[in-house]
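Structural overview
Listed below, chain by chain, are the residues.
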Amino acid sequence: MERPPDGAPPIARGGTATGHRPPAPEAGGEREFRLLGPVELHDGATGAEIVPSGSKQRALLSALVLHADRLLSVDRLTEELWGDRPPTNAGNALQAHVARLRRLLPETGEGQDGHEWISTLPTGYLLSLGPATTDVQRFQRLSALGRAAVSADPGYAVRLLRRALSLWRGPALQDSRLGPLCTSEADRLEEHRLTALESLYEASLCCAQHGQITGELEKLTIDHPLRERFYDLLMVALYRSGRQAEALGVYERARRRLVEALGIEPGPALRARMEAVLNHAPDLSAPPHLLPGGGPTTLSEALELGGEIARLQRRIDELSRSQEALVRRYDTMVARLAGGPSPQKVAP
């Protein structure tokens, strides 16, 4: 979708271009500021994606959301939008951009009386999230949980980390990195994304998913040629797939790129991995209980299996009780038909 230039009417995707503030939604609709890709506000009640109209509007909203509930001074926001070449009337120009954002952001719904998105303070501006959330918060929460679970429950970690990474729709703060605030935060978020990817593939290897991830790791070594951890993980995945020569070739490719770009040799971890592959180190192989057909591969799978066994046992007990009741009814009916006394006991 093409974005209009600064000063043009804002666009609410799923609706029409208008300069009017969107109406307050019905209670229960969640709003989320999305910064992991093109900057927008997702309105859960209407399904609309509200997009600031130009790069300065997007940079202003990004800076305010990243520093939500904290004052950003006029000077910092001016530098963010115009760098070292601010307009003569920078204060008024900034005020005009803030006014446009206020018109763009939706009205607060019922139960949120008194909430104002952007407050004007003596020295600057402050954005309050109120009941809204951000995709950055969701990503950080899910990725932290996933990384913590890698050792204890790698299968669960894989699911969490893939959910976290699915929130990325493109480069962080896309088309919004005009100044130091957004640029530094975008770099920090990208580093967190790469760390989450490293944890994801480490957990995948713990689940014996080496055959499924080699293609993804190959692409990552191309996209990030100086990041040694991706080469390391790829070497393990290839080795476990029976491709030792290719794993050694990955090391040579990493070494060549590092020498050409930085003039350095691979670090000790990658060198140790190369030696382990060369010598068929036993710890490189996936444990037998993690191989396909070797039983439950994660703690969560083992717990699920135990729960299924318990459910089956309860069902067996219920069927046994039902069988005993039917046997008693049968014996009673037979005794009545024969004219004899009702049985007092039922043989096991």
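Residues numbered from 1 in each chain as written. Predicted model: local features only at pLDDT ≥ 70, side-chain atom pairs only at ≥ 80, totals over all residues. Heavy atoms only, no water.

Remarks on the nonpolar core
- By size, the foremost hydrophobic cluster in this structure holds 78 residues, and its most contacted members are F33, L64, I118 and L217.
- Element by element, the count of residues in this core is highest for helix α6 (residues 180-206), at 11 residues.
- Ignoring sequence-local partners within four residues, the contact set of L64 consists of L72, L77, L101, I118, Y125 and L127. (Core = buried A, V, L, I, M, F, W, Y, C linked by side-chain atoms within 4.5 Å. Buried < 20%, exposed > 50% of the residue type's maximum accessible area, 1.4 Å probe, protein only. Helix = DSSP H or I, 4+ residues; strand = E, 2+ residues; numbered from the N terminus. Contact = heavy atoms within 4.5 Å.)

Some points on helix α8 (residues 228-240)
- End to end, α8 covers 19 Å across 13 residues, agreeing with the expected 18 Å (1.5 Å per residue, within 8%).
- α8 sits mainly inside the fold: 10 of its 13 residues count as buried.
- Among all positions in α8, only F230, Y231, D232, L233, L234, M235, V236, A237, L238 and Y239 are buried.
- Buried-residue contacts for α8 involve α6, α7 (210-223), α9 (244-262) and α10 (268-278).
- One or two residues past the end of α8 sits G242, with phi positive at roughly 80 degrees. (Expected span 1.5 Å × (residues − 1).)

What to know about the side chain of T214
- Locating T214 in the fold gives a position in helix α7.
- Apart from residues no more than four positions distant in its own chain, T214 is found in contact with L234, A237, L238, S241 and R243.

Considerations on the packing of helix α5 (residues 154-165) against α6
- Running from N to C, α5 and α6 point in directions that differ by 150 degrees, and their axes come no closer than 8 Å. It follows that α5 is roughly antiparallel to α6 by the angle criterion. Where α5 crosses over α6, the two elements pack in a sense that is left-handed. In this structure, α5 uses P154, A157, V158, L161, R162 and L165 to contact α6, whose residues at the interface are R193, A196, L197, S199, L200, Y201, A203, S204 and C206. (Axes fitted to C-alpha atoms, helices over the stretch in contact; angles between N-to-C directions. Parallel < 35°, antiparallel > 145°, perpendicular 65-115°, else oblique. Left-handed = near helix turned anticlockwise from the far one by under 90°.)

Describing the sheet that holds strand β5 (residues 72-73)
- Strand order in the open sheet made by the 3 strands is β5-β7-β6, with antiparallel pairing throughout. A strand with exactly one partner marks an edge of an open sheet, and here the two such strands are β5 and β6 (118-121).
- Of the pairings in the sheet, the one linking β5 to strand β7 (residues 124-127) comprises 2 bridges and is antiparallel in character. What sits directly across from L72, in β7, is Y125.
- The sheet contacts of helix α1 (residues 55-66) involve β5, β6 and β7, and relative to β7 the element is tilted by about 70 degrees. (Pairing = 2+ DSSP bridges.)

Focus on the environment of F139
- By secondary structure assignment, the location of F139 is in helix α4 (residues 135-149).
- According to the relative accessible area criterion, F139 is buried, its value standing at 0%.
- On a C-alpha basis, the gap between F139 and L165 in space is 7.1 Å, while along the polypeptide they are 26 residues apart.
- The residues touching F139, leaving out its near neighbours within four places in the chain, are L36, A164, L165, L167, W168, H192, R193 and A196.

Structural notes on the pattern of salt bridges
- Under the criterion given, the structure shown has 19 salt bridges.
- A salt bridge links R169 to E40, with the shortest nitrogen-to-oxygen separation between them at 3.8 Å. One end of the pair, R169, is in the loop between α5 and α6; the other, E40, is in strand β3 (residues 40-43), and 129 residues separate them in sequence.
- Salt-bridge contacts for E216 lead to R162; the nearest nitrogen and oxygen are separated by 3.4 Å. You can see E216 sitting in helix α7 and its partner R162 sitting in helix α5, a full 54 residues away along the chain.
- Judged by relative accessible area, which is 35%, R162 ranks as partly exposed.
- One continuous salt-bridge network, built from bridges that share partners, spans E32, R34, E40, E49, D135, R138 and R169. (Salt bridge = Lys/Arg side-chain N within 4 Å of Asp/Glu carboxyl O.)

Structural notes on the pairing of β6
- Pairing between β6 and β7: 4 bridges, direction antiparallel. Counterpart to T120 in the pairing with β7 is Y125.
- Adjacent in sequence and paired antiparallel, β6 and β7 are bridged by 2 residues.

A closer look at the packing of aromatic side chains
- Following the criterion strictly, the structure yields 2 aromatic pairs and no others.
- A centroid spacing of 5.5 Å and a plane angle of 90 degrees characterise the contact between F33 and W117, whose relative ring orientation is edge-to-face. Of the two residues, F33 is situated in strand β2 (residues 31-34) and W117 in the loop between α3 (90-104) and β6; the sequence distance between them amounts to 84 residues. Both residues of the pair, F33 and W117, belong to the buried class.
- For the pair F139 and W168, a centre-to-centre distance of 5.6 Å together with 80 degrees between the ring planes defines the contact as edge-to-face. One end of the pair, F139, is in helix α4; the other, W168, is in the loop between α5 and α6, with 29 residues separating them in the sequence. Of the two residues, F139 and W168, both sit in the buried class. (Phe/Tyr/Trp six-rings, centres within 6.5 Å; stacked < 30°, edge-to-face > 60°.)

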